[in-house]
Every structure is written in C-alpha cells, then in structure tokens.
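Topology and contacts: notes
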Amino acid sequence: MYDRIFVRTLGLPLLVLVVACARVDRVQADTTGDLEDIGDVLQLAIPLAGFGLTYAFDDPEGRSQLAKSAGVTFGFVQGTKYLVDKWRPNYSADNSFPSGHTAAAFTGASFLQTRYGSRYGIPAYILATFVGYTRVRAEKHFSDDVLAGASIAILSNWYFTEPLENGVTLIPVVERDRVGLNLSMPLGVTRNTEQGADAEFKPRFRFAFSFGATSLDDNDVSAPGSTGSALDLETFDAF
C-alpha cells in the first residue's frame, strides 16, 4: 500500500499548480482567448496521448486502467459540479467546482507518469499544469476549483493504474514502533514493454532501513514476506 501512495500520489505537480494559480490570482489580467483555446485542446490531447501509447506498447491492461480512471474522474467531477453549484469567477455559469478541464488533463498526465514513467509523465504534468493555469487566467475557475480537479484525477489514477515497468523501488514503511524504507533492486532484466505486463518482477537485492524501537521475538529477523527467506541470529554464522 505504501509504495502506491509514495509513487503515485505525487505532490510535486499539485505544488507547482498551487504556485501557478496563486500567481494568477494576484494579477488582474484580461481573459486571453489564445491561451484558453490551447487549454481546450490540451485537456483532450494529454489523455488521448496516453490512450495512444497503450496501442504503441500493446498494453490493453493499461488501456483498461486509463478508461476506468477517466470514467470515475468524469463522473465524480460532474456529480460534484451539480452538488456544489458554485459560480464561476466571470459569473457565466454555476458549475465552477471542480475544474473539468484540469481533471481531464491530469487524468492523462498521472496515467502516463504511473504507467510509463517520468519520460512521459513529467512533460505531461507540465502541460496539465498549464491547462489549470489557463482556466484561472481566463476567469473560468478559481484556484481551488483547479486544485480539486487535479486532485480527483490523481487519486483516481492512484487507485486504478499499476506501473508497467519495475526498476528500483522505494517503499516507505510506517508501523507502530518504527519507521523505515525498503529498497528493492531488479535482477538485471525488468518487466518492461517488450516482455509484456505479465512478466514477473524478481528483485535481486532488497535493503531495509528502519528507525525506532523494535521488539524481536526469539532473536528472529525475518525478511519481507514476499522474499520467502528469514535469518536466525543464533545460527547466523552457519550461513
């Protein structure tokens, strides 16, 4: 569970979005039609790019995950608009919260990041952040509308999407009496787009770093359950 939170929630895009929207709120600027038009295109282009890559990588599982994430995001956003009934900054309509454009853009960006990695995710997140910026600048949404739309999309993606590639994996661990970090390293051949999504990931090395008081029964130290191995301190020299 912790690796899903650590890898996929990705607070950096939201932080960048907060800064961008806050800056717009301080500036009384005219509505920029060209920027709004670009945002209109990007809100569809980003998720469509993710959809296209699922065909390029022969990844039907990823295509299904994207469809589920997009469907839940769309339904939640539209339902919330109806329930909240918030006026837009320019008073053109009362469906301001949350931003559908931003949610659509971040649906594609968060999918690309989670499924295919930073090579595709980082540029997509930059473009998705720009979409949110255009909505605030065009006075179609407030900053909180944009942040809510992005958050809904990222959380939906976090729930439905699994990473295709397995490389070095960092997993934060929080338990009752300790906190720590598990680091897994691959065996040399990772599960990638050429091998397919069903290829097994076999880590060769796993390192655990823990901090805090830990109680051990019978001097027994166990590796993570997925490795199927354990060490007994009393017979450690025999290994």
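This section reports on the structure supplied with the text. None of these values were measured; they are calculated from a predicted model.

Comments concerning the packing of helix H3 (residues 33-56) against helix H5 (residues 100-116)
Where H3 contacts H5, the axes come no closer than 8 Å and their chain directions differ by 30°. Taken together, the axes of H3 and H5 lie roughly parallel to each other. Handedness of the crossing formed by H3 with H5: left-handed. Each of Gly-39, Asp-40, Gln-43, Ile-46, Pro-47, Gly-50, Leu-53 and Thr-54 in H3 lies in contact with H5, whose residues at this interface are Gly-100, His-101, Ala-104, Ala-105, Gly-108, Ala-109, Phe-111, Leu-112 and Tyr-116.

So, the packing of aromatic side chains
As enumerated under the stated definition, the model contains nine aromatic pairs in all. With a centroid separation of 5.4 Å and an interplanar angle of 70°, the aromatic rings of Phe-51 and Tyr-55 are classed as edge-to-face. Pair noted here: Phe-51 and Tyr-55 are both in helix H3, with a separation of four residues, about one helical turn. In this structure Tyr-55 comes out as exposed when scored by relative accessible area, which is 52%. Judged by centre distance (5.0 Å) and plane angle (85°), the rings of Tyr-159 and Phe-160 are edge-to-face. Look at Tyr-159 and you get exposed, because its relative accessible area is 54%. A connected cluster of aromatic rings, assembled from ring pairs, spans Phe-57, Phe-111, Tyr-116 and Tyr-120. Lying over the aromatic face of Tyr-55, Arg-63 brings its terminal NZ or CZ to 3.8 Å of the ring centre.

A word on helix H6 (residues 118-137)
The end-to-end C-alpha distance of H6 is 28 Å, a good match for the 28 Å that 20 residues give at a rise of 1.5 Å each. Inspection of H6 places Gly-121, Ala-124, Tyr-125, Ala-128, Thr-129, Val-131, Gly-132, Thr-134, Arg-135 and Val-136 among the buried residues, and these make up the whole buried set. One or two steps after H6, the chain reaches Glu-139, where phi turns positive at roughly 60°.

A few points about the packing of H5 against helix H7 (residues 143-160)
Contact pair H5 / H7: the axes reach a minimum separation of 8 Å and the direction vectors enclose 35°. Every pair of crossing elements has a handedness; the one defined by H5 and H7 is right-handed. Contacts between H5 and H7 involve Thr-102, Ala-103, Phe-106, Thr-107, Ser-110, Phe-111 and Thr-114 from the former and Val-146, Gly-149, Ala-150, Ala-153, Ile-154 and Asn-157 from the latter.

A word on the side chain of Ser-99
Position of Ser-99 among the secondary structure elements: in the loop between helix H4 (60-84) and H5. Looking at Ser-99, its side chain comes within polar contact range of the side chain of Thr-102, at 2.8 Å. Ignoring sequence-local partners within four residues, the contact set of Ser-99 consists of Arg-135, His-141, Asp-145, Val-146 and Gly-149.

Brief notes about the nonpolar core
In this structure, Ile-46, Phe-106, Ala-109, Tyr-116 and Ala-128 are the most contacted members of the largest nonpolar core, which totals 18 residues. Only H3, H5, H6 and H7 provide two or more residues apiece to this core. In terms of residues, this core owes the most to one element, H5, which gives six residues. Those residues in contact with Tyr-116 that lie beyond four places of it in its chain are Leu-53, Thr-54, Phe-57, Asp-59, Phe-111 and Leu-164.

Quick notes on the rules
Residues numbered from 1 in each chain as written. Predicted model: local features only at pLDDT ≥ 70, side-chain atom pairs only at ≥ 80, totals over all residues. Heavy atoms only, no water. Axes fitted to C-alpha atoms, helices over the stretch in contact; angles between N-to-C directions. Helix = DSSP H or I, 4+ residues; strand = E, 2+ residues; numbered from the N terminus. Parallel < 35°, antiparallel > 145°, perpendicular 65-115°, else oblique. Left-handed = near helix turned anticlockwise from the far one by under 90°. Contact = heavy atoms within 4.5 Å. Phe/Tyr/Trp six-rings, centres within 6.5 Å; stacked < 30°, edge-to-face > 60°. Buried < 20%, exposed > 50% of the residue type's maximum accessible area, 1.4 Å probe, protein only. Lys NZ or Arg CZ within 6 Å of the ring centre and 35° of its normal. Expected span 1.5 Å × (residues − 1). Polar contact = N/O pair within 3.5 Å; in protein donor to acceptor, adjacent residues only side chain to side chain. Core = buried A, V, L, I, M, F, W, Y, C linked by side-chain atoms within 4.5 Å.

In short, shape yes, function no, at least from these values alone.
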